[in-house]
2 protein chains.
Amino acid sequence: MKKREIYNRQTGCSVENTVQFISGKWKSVIMYHLLNNSTQRFGQLNAKIPSCTPRMLARQLNELEQDGLVEKHVYETVPMVTDYSATTFGQSLVPVITAMSEWGDKYNALAKAHAK
Amino acid sequence: MKKREIYNRQTGCSVENTVQFISGKWKSVIMYHLLNNSTQRFGQLNAKIPSCTPRMLARQLNELEQDGLVEKHVYETVPMVTDYSATTFGQSLVPVITAMSEWGDKYNALAKAHAK
DNA sequence: CTGAATCCCGAACGATACTG
DNA sequence: CAGTATCGTTCGGGATTCAG
């Protein structure tokens, strides 16, 4: 998988830089699961993100890999096994993903309280 | 501006919940500027996000308002003046936006170091 | 099991021009 | 100043099928 050049994407806005790497409907969710579980197989990720189709999972994983956030290890066994894990660069996103997760939790609590 | 129902969007995934609110190419950037400068006029925001067209800025602001993250105050003077500010709900995003901003800063430093 | 290939659609985005 | 109207384009994402 050819890597994208990731060092020429400054936008002059720090937030906008970050958006470029984690935009996409599933990227931050994928990173969340990878950062919380070290190594994950394709099927494991798929099971944890059921509303993401295998096609989309593969595509977003490819982009994350091209951006240097994720590493892929293929074992040419039968049946094939593939491991995904966050790179060091990817792990630097921990504060971002954590903040997003915590906000989503608070939102859940809010919504629940509002429902009853 | 009619509000969207924001309390029925739980997805079972905390990160995914958050993504729903700040997805969109400019929303997190807009929130960044609103959270750092309290009240901002349309033109001020536009000046700070030059690569966002007025049309897109208006649309994303509308969505943020419908989602309860942003408040809009219109002064029917001539010429017209409009103030935007983050609601309390919107301010709860501070940790998320801050984390994104800090990551973007680090990325900038990395990219700069890589360039030379 | 993993994930590429093809096809398709709607949403998101952008440029330009225009208005109260 | 603060947007809207219109139009066109691009891109993300889904369904299905197929392959190593």
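Our structure's up above, just so we're on the same page.
The following refers to the structure shown. As the structure is a computational prediction, the values presented were derived from the model and not from experiment. (Residues numbered from 1 in each chain as written. Chains lettered and ligands numbered in written order. Predicted model: local features only at pLDDT ≥ 70, side-chain atom pairs only at ≥ 80, totals over all residues. Heavy atoms only, no water.)

### Looking at the packing of aromatic side chains
Geometry of an aromatic ring pair is reported as the spacing of the ring centres plus the angle between the planes. Summed over all chains, the structure comprises 10 aromatic pairs over all chains. Seen in terms of ring centroids, Phe-21 of chain A and Trp-103 of chain B are 5.3 Å apart; in terms of plane orientation they differ by 65°. Their pairing is edge-to-face. Of this pair, Phe-21 of chain A sits in helix H1 (residues 14-22) while Trp-103 of chain B is found in helix H6 (residues 94-115), placing the two residues in two different chains. Phe-21 of chain A gets classed as buried once you look at its relative accessible area, which sits at 0%. Of the residues examined, Trp-103 of chain B reaches a relative accessible area of 4% and is grouped as buried. Look at Tyr-107 of chain A and Phe-21 of chain B: their rings are 5.2 Å apart centre to centre, the planes differ by 65°, and that puts the pair in the edge-to-face class. Linking Tyr-107 of chain A in helix H6 (residues 94-115) with Phe-21 of chain B in helix H1 (residues 14-22), this pair reaches from one chain into another. Here Tyr-107 of chain A matches Phe-21 of chain B in class, with each residue buried. Just above the ring of Phe-21 of chain A sits the side chain of Arg-9 of chain A; from NZ or CZ to the centre is 4.8 Å. (Phe/Tyr/Trp six-rings, centres within 6.5 Å; stacked < 30°, edge-to-face > 60°. Helix = DSSP H or I, 4+ residues; strand = E, 2+ residues; numbered from the N terminus. Buried < 20%, exposed > 50% of the residue type's maximum accessible area, 1.4 Å probe, protein only. Lys NZ or Arg CZ within 6 Å of the ring centre and 35° of its normal.)

### Here's the deal with the sheet that holds strand E2 (residues 70-75) of chain A
Residue and element names in this part refer to chain A. Pairing within the open sheet is antiparallel, and its 3 strands lie in the order E1-E3-E2. The open sheet has two edge strands with one neighbour each: strand E1 (40-41) and E2. Here 6 bridges tie E2 to strand E3 (residues 81-86), and the two strands are oriented antiparallel to one another. When the bridges of E3 are listed, Val-70 appears paired with Ala-86. Relative to E3, helix H2 (residues 27-36) is tilted by about 90°, and along the sheet it contacts E1, E2 and E3. Taken strand by strand, helix H4 (residues 54-66) contacts E2 and E3, and its axis lies near 115° from that of E2. (Pairing = 2+ DSSP bridges. Contact = heavy atoms within 4.5 Å. Axes fitted to C-alpha atoms, helices over the stretch in contact; angles between N-to-C directions.)

### Section: the interface of chain B and chain A
Facing 39 residues of chain B, the contacting portion of chain A comprises 39 residues. In this assembly, chain B packs against chain A so that about 3,400 Å² is buried in total across both faces, 71% of it on carbon and sulfur atoms. When the buried area of chain B at its contact with chain A is split by residue, Tyr-7, Trp-103 and Tyr-107 of chain B rank highest and sum to 23% of it. Taken together, chain B and chain A are joined by 0 salt bridges. Among the secondary structure elements, those contributing two or more residues to the side of chain B that touches chain A are H1, helix H2 (27-36) and H6 of chain B. When residues in the side of chain B that touches chain A are grouped by element, the largest group, 15 residues, is from H6 of chain B. Split by residue class, the side of chain B that touches chain A holds 21 nonpolar, 12 polar and 6 charged. (Buried area = accessible area lost by both parts, 1.4 Å probe. Salt bridge = Lys/Arg side-chain N within 4 Å of Asp/Glu carboxyl O. Nonpolar A, V, L, I, M, F, W, Y, C, P; charged D, E, K, R; others polar.)

### Notes on the protein's contact with DNA strand D
Contacts to DNA strand D come from 20 residues, most closely from Lys-25 and Arg-55 of chain A together with Gly-43, Arg-55 and Tyr-84 of chain B. Counting only atoms of DNA strand D within 4 Å of the protein, the sugar-phosphate share comes to 67%. Within the contact set of DNA strand D, a base oxygen lies 2.6 Å away from a side-chain nitrogen or oxygen of Arg-55 of chain A. The separation between a sugar or linking oxygen of DNA strand D and a polar main-chain atom of Met-80 of chain B is 3.3 Å. Elements supplying a minimum of two residues to the surface near DNA strand D: H4 of chain A together with helix H3 (42-48), helix H4 (54-66) and strand E3 (81-86) of chain B. Here the surface near DNA strand D gets 4 residues from one element, more than from any other, and that element is H4 of chain A. Residues that form the surface near DNA strand D fall into these classes: 9 nonpolar, 5 polar and 6 charged. (Near = heavy atom within 4 Å. Polar contact = N/O pair within 3.5 Å; in protein donor to acceptor, adjacent residues only side chain to side chain.)

### Notes on the relation of the copies chain B and chain A
The two copies are related by a screw motion: chain B maps onto chain A through a turn of 180° and a shift of 0.0 Å along the axis, at an RMSD of 0.1 Å. Seen this way, the second copy is the image of the first under a two-fold rotation axis. The C-alpha atom lying nearest the rotation axis in chain B is that of Val-96 of chain B; the distance is 3.1 Å. Taken as a fraction of all interface residues of chain B, those also at the interface in chain A reach 100%, which identifies the copy contact as same-surface. (Least-squares fit on C-alpha atoms with pLDDT ≥ 70 in both.)

Function cannot be read off these values alone, since they describe shape.
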